Amino acid sequence: MNQSRNPSGRGPRCCVIGHPVNQSRSPLIHGYWLEKHGLAGSYERLDVAPEALPDFVGMMRNGLFAGANVTVPHKQDIIPLLDSLTEAATAIGAVNTVYREGDRLVGENSDVTGFLAHLDASAAGWDRNCQAALVLGAGGAARGIIHGLLSRGITQVHVANRDPARAEALARAFGPRVMPLGWDLRNDAVAGADLIANATSLGMKGQPRLELDLRRLRPGCIVDDIVYVPLETDLLRMARDRGAVTVDGLGMLLHQAVAGFTRWFGIVPQVTPELRALVQRDVEAAP
Ligand code: NDP
C-alpha cells in the first residue's frame, strides 16, 4: 500500500482529476468505502486544467497524493507524464487510474475491468455463448469495451461509429476480430449480435436519443448501455421489453473504482446494493 499521507497526517490522500470534475461520483464511492472500512485516508475532487496537468503529476511524484483517478480531458494526455502503463492501459491508449510502485507512477485502465465485472455480475457466464458483438461508438470508452470483449475470446466485434475513420482506426489497432461498420448499417448488425454495447454518448440526459432498430434482436441477447444518466436509458427499456438481458452503466462506474481503491488503500472493496443505492440517489438528484 502506498505511504503518501494526507495533510491531516492520516492515511493515503487520493483524488480524481478532471476539467470539469464537479460531476464525478468518485468521491462519493471512495468516501463510502473509506468509511465502511474505517480506514484512515482521504479522497477529494481536484479541478486540473490541461496546462496544470504536469504540475499535478509533479505533486504525485513529491508524495502529496498516493493515487488518482483521471477523467476527461486528461485520460490520454497524462500518458507521457507517467513512468509505465499496465497492459490494458497500453492496449486501450487511455489511463483512468494512477498508482505508485516505489518511486514510479503507473497508469492503469479500470474502465475495462469495471465493464467486465459488471457484466459478470449481471449476466454470469455471458462469454460462454457470446461470439459476435456490436459496439456502438469508437471513443475512449469503446476502446476499453473492445479490449475487454477480445480478452474474453469474443470472435467478432462490429464497431459502428458516426465518424467511420475512428471505427477503422480501432479495427487497425485491435486486429482482424474487430470490423468497422458504417453508422447507417448498425441496424443490420443487430440480428447477428449476441451482445450489443452502447459506448456513444447518445441517450445520455441532454443528448439526442440513440436510434437503434431492435426488431431483429436475438432472443437472450445482452444489451449493455454504459450511459448511466438516466439509469434506465430508452435503449435498455426497449431491449428489456423485447426479452433481452439488460446491463446498465451505473454498475460499470461502481466496479471501475475497485482497482484504484485496492491499490491505494490496500483493501478490495465490495460493490454492494447499499453503495449502488447511494450513487443512484445522487445520479437521480442531479439537475
Ligand atoms: P468520447 O467523447 O470519447 O466518445 C463519444 C462517442 O459518442 C463517439 O463514438 C462519438 O462518435 C459518439 N457520438 C457522440 N454524439 C453522437 C451523435 N450525435 N451521433 C452518433 N454518435 C455520437 O466519450 P467516451 O467514450 O469517454 O464516453 C462515451 C459515453 O460513455 C459517455 O456517455 C460517458 O458518460 C459514458 N461512459 C460511462 C462510463 C461508465 O463507467 N458507465 C465510463 C466511461 C464513459 P464520433 O466519433 O463520430 O464523434
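First, a word on scope: everything that follows refers to the structure included in this document. Since this is a predicted model, take the numbers as computed values, not measurements.

So, about helix H6 (residues 164–174). Where H6 is concerned, the buried positions are Ala167, Leu170, Ala171 and Phe174. Buried residues in H6, looked at end-on, bunch into an arc of 100°, giving them a common side. Away from its buried face by more than 90 degrees, H6 exposes Arg172 and Ala173. Those residues of H6 that are buried are in contact with helix H3 (87–92), helix H5 (140–151), strand S8 (156–161) and strand S9 (178–182). With a side-chain oxygen positioned 3.0 Å from the backbone nitrogen of alanine 165, the residue opening H6 is aspartate 163. Trailing H6 by a residue or two, glycine 175 shows a phi angle of about 95°, which is positive.

It is worth spelling out helix H10 (residues 273–285) at this point. Under the 1.5 Å per step criterion, the end-to-end length of H10 is 18 Å for 13 residues, consistent within 8% with the ideal 18 Å. Of all the residues in H10, the buried ones are Leu275, Val279 and Val283. Angular distribution of buried residues about the axis of H10 spans 70°; they occupy a single face of the element. Among the exposed residues of H10, those oriented more than 90 degrees off its buried face are Pro273, Arg281, Glu284 and Ala285. In this fold, the buried residues of H10 make contact with helix H1 (26–36) and helix H9 (249–265).

Moving on, we get to the packing of H9 against H10. It is the contact of H9 with H10, at a shortest axis distance of 11 Å, that shows an interaxial angle of 115°. The crossing of H9 and H10 is right-handed. Residue-level inspection shows Leu250, Gly251, Leu253 and Leu254 of H9 in contact with H10, the latter providing Leu275, Arg276, Val279 and Gln280. Partitioned by chemical class, the residues of the contact of H9 with H10 number five nonpolar, two polar and one charged.

Viewed as axis vectors pointing N to C, H5 and H6 meet at an angle of 35°, and their least axial separation amounts to 12 Å. Seen along the crossing, H5 lies across H6 with a hand that is right-handed. In contact with Arg143, Ile146, His147 and Leu150 of H5, H6 contributes Leu170, Ala173 and Phe174.

With that settled, consider the environment of proline 54. Inspection of the secondary structure assignment puts proline 54 in helix H2 (residues 53–61). In the structure, proline 54 is positioned 24 residues away from isoleucine 78 in sequence and 8.1 Å away in space, judged by C-alpha atoms.

Time to look at the site of the ligand. Around the ligand there are 21 residues in total, and Ala141, Asn161, Arg162, Arg166 and Gly249 lie nearest to it. Measuring from an oxygen atom of the ligand, one finds a backbone N or O atom of alanine 141 at 2.8 Å. Between the ligand and serine 201, the relevant distance is 3.3 Å, taken from an oxygen atom to a main-chain nitrogen or oxygen of the residue. Contact with the protein chains covers 77% of the free accessible surface of the ligand, which is 920 Å². At three residues, the largest contribution of residues to the shell around the ligand is made by H9. In terms of residue class, the shell around the ligand is built from 11 nonpolar, seven polar and three charged.

This brings us to the nonpolar core. In this structure, Trp126, Ile146, Leu149, Val157 and Leu195 are the most contacted members of the largest nonpolar core, which totals 33 residues. At the level of elements, H3, helix H4 (111–122), strand S7 (132–136), H5, S8, H6 and strand S10 (195–198) are the ones that each hand at least two residues to this core. Counting residues per element, this core draws most heavily on H5, which supplies five residues. Other than its neighbours up to four places away in sequence, leucine 149 contacts Phe115, Trp126, Ala133, Val135, Ile154, Val157 and Leu195. Counting 24 residues, the second-largest nonpolar core is a separate cluster that includes Ala66, Leu231, Leu253 and Trp264.

What counts and how
Residues numbered from 1 in each chain as written. Predicted model: local features only at pLDDT ≥ 70, side-chain atom pairs only at ≥ 80, totals over all residues. Heavy atoms only, no water. Buried < 20%, exposed > 50% of the residue type's maximum accessible area, 1.4 Å probe, protein only. Helix = DSSP H or I, 4+ residues; strand = E, 2+ residues; numbered from the N terminus. Arc of directions from axis to C-beta. Contact = heavy atoms within 4.5 Å. Polar contact = N/O pair within 3.5 Å; in protein donor to acceptor, adjacent residues only side chain to side chain. Expected span 1.5 Å × (residues − 1). Axes fitted to C-alpha atoms, helices over the stretch in contact; angles between N-to-C directions. Left-handed = near helix turned anticlockwise from the far one by under 90°. Nonpolar A, V, L, I, M, F, W, Y, C, P; charged D, E, K, R; others polar. Near = heavy atom within 4 Å. Areas by Shrake-Rupley, 256 points an atom, 1.4 Å probe, with all protein chains shown as cover. Core = buried A, V, L, I, M, F, W, Y, C linked by side-chain atoms within 4.5 Å.

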